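Results of the structural survey
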Amino acid sequence: MKAAFNLLVALFGMWLLWSGHYTPLLVSIGLVSCLGVVLLCQRMGIVDREALPLDLTWRTLRYIPWLALEVVKSNLDLARRVLSPRMPISPQLIELQATQKTDLGLVTLANSITLTPSTVTIEATSDGRLVVHALASDIAEDLLKGEMDRRVTRVEGSVAGTMENTA
Amino acid sequence: MPGALDILSWACLLAGSFFALVSSLAMLRLPDFYSRVHGASISDTMGAGLILLGLVFQAGLSLVTVKLGLVLMFLVITGPTSSHTLAKAAYRLGLDPQLRSKEENASSQN
Amino acid sequence: MFAAPMIAILVSMAMLLVRAVKGPTVFDRILSVNSFGTKTVLLIAVLGFLTGRPAFLDLALVYALMNFISTIAVLKFTRFGSLAGKRLRPTEPQAADS
């Protein structure tokens, strides 16, 4: 119930932000449509704490700039590879054992890997085994060093407390 | 005379356009499906990010900036999700990735 | 002056269309179309600034979401049948599918 209410507040806030019309009639129509969406979600059974992951902690905020920097670096590297006439690539599949304990942490890692160009997560199982396609052997080695894994685990550690509360 | 913000904005827009072009070129040049996924993700991250950042500098501080940020956020969240789903579906349906090394085969191809 | 990014985006969209036509697998086509959609979002956003109507951004956001949903929908379709191109051997469907 609390999750549904939070979802309603978030949806209505979003509606207010996007509409730009604040006459009583339009606002009430917006409220009714937000209620409709929440009811629909409830029928589908997808209203839980994952519907609104508000676990932003200080460590999450520090992880995002690091990830952005990684993305920029690997973008430049990939652009150089694609533009060079000989295309120095050697695609390979690697297996990675993730150290995250929760699904959210695992998904964060898998998504971060995919977001970085030149590495794509192909498969992720809930016991933490990731199959990753990397474009070149040095990129694969970089990933296997596990820097990203360590950082995601640290973020997960800071979020874990709030997770048990609402579970 | 254009201000510093304008110049910054144009630099971002042009760099973003460059990365969009590189991404399409990668889609054309790379040898197999799994490597093309990497090409597509250039435009999802760098291309979209830089172009939208350039537009943010044009818009200044207003509601438009918030909307641009939301567009970027949605692109950054949905981009990897759909490319992961695509790669997983291809892998499950038995499309084998091409794993030969281009560096080794370069001499025999040219 | 917004014309330069627009031209670049349009050229890259044309290149993506080439990839979408050439295939060879259905996944290449879906990937191209998905990337095409991302480019369309950017095009709409830049077009909004070119014509001085930032309200176009609402359309861009809706397009971004629709693009994602359509990719997922097409992928779901490919699980059950082939759309075009090389037909792939389906593997055993796995029970606990996420």
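Refer to the structure printed above.
Below, the structure is looked at part by part. (Residues numbered from 1 in each chain as written. Chains lettered and ligands numbered in written order. Predicted model: local features only at pLDDT ≥ 70, side-chain atom pairs only at ≥ 80, totals over all residues. Heavy atoms only, no water.)

1. A word on the overall build of chain B
- Counting secondary structure elements, chain B contains four helices and zero strands.
- When its helices and strands are written in sequence order, chain B yields α-α-α-α.
- Split into buried and exposed, the 110 residues of chain B put 56% on the buried side.
- A sequence separation of at least 24 residues applies to 65% of the contacts in chain B between residues at least 6 apart.
- Accessible area of chain B: about 4400 Å², with a carbon and sulfur share of 68%. (Helix = DSSP H or I, 4+ residues; strand = E, 2+ residues; numbered from the N terminus. Buried < 20%, exposed > 50% of the residue type's maximum accessible area, 1.4 Å probe, protein only. Contact = heavy atoms within 4.5 Å. Areas by Shrake-Rupley, 256 points an atom, 1.4 Å probe, with all protein chains shown as cover.)

2. Points about the pattern of salt bridges
- With the rule as written, the count across this model stands at seven salt bridges over all chains.
- For Glu95(A), the salt bridge goes to Arg129(A), with nearest N and O atoms at 3.1 Å. Of this pair, Glu95(A) sits in strand S1 (residues 92-97) while Arg129(A) sits in strand S3 (residues 129-134), and the two are 34 residues apart along the sequence.
- Exposure remark for Glu95(A): the relative accessible area of 52% places this residue in the exposed category.
- Between Asp58(C) and Lys67(B) there is a salt bridge, with its nearest N and O atoms 3.2 Å apart. With Asp58(C) in helix H3 (residues 56-80) and Lys67(B) in helix H3 (residues 63-92), this pair bridges two chains.
- Since its relative accessible area comes to 10%, Lys67(B) is described here as buried.
- Through salt bridges with shared partners, a single ionic network connects Asp77(A), Arg80(A) and Arg81(A). (Salt bridge = Lys/Arg side-chain N within 4 Å of Asp/Glu carboxyl O.)

3. Describing the environment of Leu8(B)
Residues and elements named next belong to chain B.
- Residue placement: Leu-8 occurs in helix H1 (residues 4-29).
- For Leu-8, a relative accessible area of 42% gives the class partly exposed.
- In this structure, the C-alpha to C-alpha distance between Leu-8 and Gln-58, residues 50 residues apart in sequence, is 9.3 Å.

4. Focus on the interface of chain B and chain A
- Opposite the 37 residues of chain B that make contact, chain A presents 35 residues.
- Counting the surface lost from both chain B and chain A, the interface buries some 3300 Å², and carbon and sulfur atoms represent 71% of this.
- The interface formed by chain B and chain A contains one salt bridge.
- Across the chain B-chain A interface, the total number found is eight residue pairs in polar contact (both at pLDDT 80 or more).
- Those elements that provide at least two residues to the side of chain B that touches chain A are H1, helix H2 (33-59), H3 and helix H4 (102-109) of chain B.
- Considering each element in turn, the side of chain B that touches chain A owes the most residues, 13 residues, to H3(B).
- When grouped by side-chain class, the residues that make up the side of chain B that touches chain A number 21 nonpolar, nine polar and seven charged. (Buried area = accessible area lost by both parts, 1.4 Å probe. Polar contact = N/O pair within 3.5 Å; in protein donor to acceptor, adjacent residues only side chain to side chain. Nonpolar A, V, L, I, M, F, W, Y, C, P; charged D, E, K, R; others polar.)

5. Structural notes on the sheet that holds strand S2 (residues 119-124) of chain A
- The strand order across the open sheet formed by three strands is S1-S3-S2 (chain A), and the pairing between neighbours is antiparallel. Sheet topology places S1 and S2 of chain A at the edges, where each strand pairs with a single neighbour. Pairwise comparison of adjacent strand axes, ignoring direction, gives a mean angle of 30° for this sheet.
- In this sheet, S3(A) lies alongside S2(A) in antiparallel orientation, the contact comprising five bridges. Considered in S3(A), the bridge of Val120(A) is made with His133(A).
- Against the sheet, H3(B) touches S1, S2 and S3 of chain A, its axis set at about 60° to S2(A). (Pairing = 2+ DSSP bridges. Axes fitted to C-alpha atoms, helices over the stretch in contact; angles between N-to-C directions.)

6. Topic: a nonpolar patch on the surface
- Together, Leu25(A), Leu26(A) and Ile29(A) give the surface a local cluster of nonpolar side chains, amounting to about 280 Å² of exposed area.
- Judged by its relative accessible area of 47%, Ile29(A) is partly exposed. (Patch = residues over 30% accessible without salt bridge, like charges linked within 9 Å, V, L, I, M, F, W, Y side chains within 5 Å.)

7. Considerations on the nonpolar core
- If you look at the biggest cluster of nonpolar residues, it comprises 36 residues, and the most contacted ones within it are Tyr63(A), Leu67(A), Leu109(A), Ile113(A), Leu130(A) and Met148(A).
- Elements with a contribution of two residues or more to this core: helix H3 (58-83), S1, helix H4 (103-115), S3, helix H5 (137-144) and helix H6 (147-166) of chain A together with H1 and H2 of chain B.
- Of the residues forming this core, the biggest block, seven residues, is contributed by H3(A).
- Other than its neighbours up to four places away in sequence, Tyr63(A) contacts Thr108(A), Ser112(A), Met148(A), Arg151(A), Val152(A) and Val155(A).
- Trp10(B), Met6(C), Val41(C) and Leu61(C) belong to the second-largest nonpolar core, a separate cluster that totals 28 residues. (Core = buried A, V, L, I, M, F, W, Y, C linked by side-chain atoms within 4.5 Å.)

8. Concerning the pairing of S3(A)
All names here are of chain A.
- Most of S3 sits inside the fold, with five of its six residues counted as buried.
- Pairing analysis gives six bridges linking S1 to S3, with the strands arranged antiparallel. Bridged to Glu-95 within S3 is Val-131.
- Connecting the antiparallel pair S2 and S3 is a turn made up of four residues, with Gly-128 showing a positive phi of about 95°.

9. A short note on unusual backbone geometry
- In this model, Ser118(A) sits at a positive phi of 75°, which is unusual for a non-glycine residue.
- With respect to the element layout, Ser118(A) can be found in the loop between H4 and S2.

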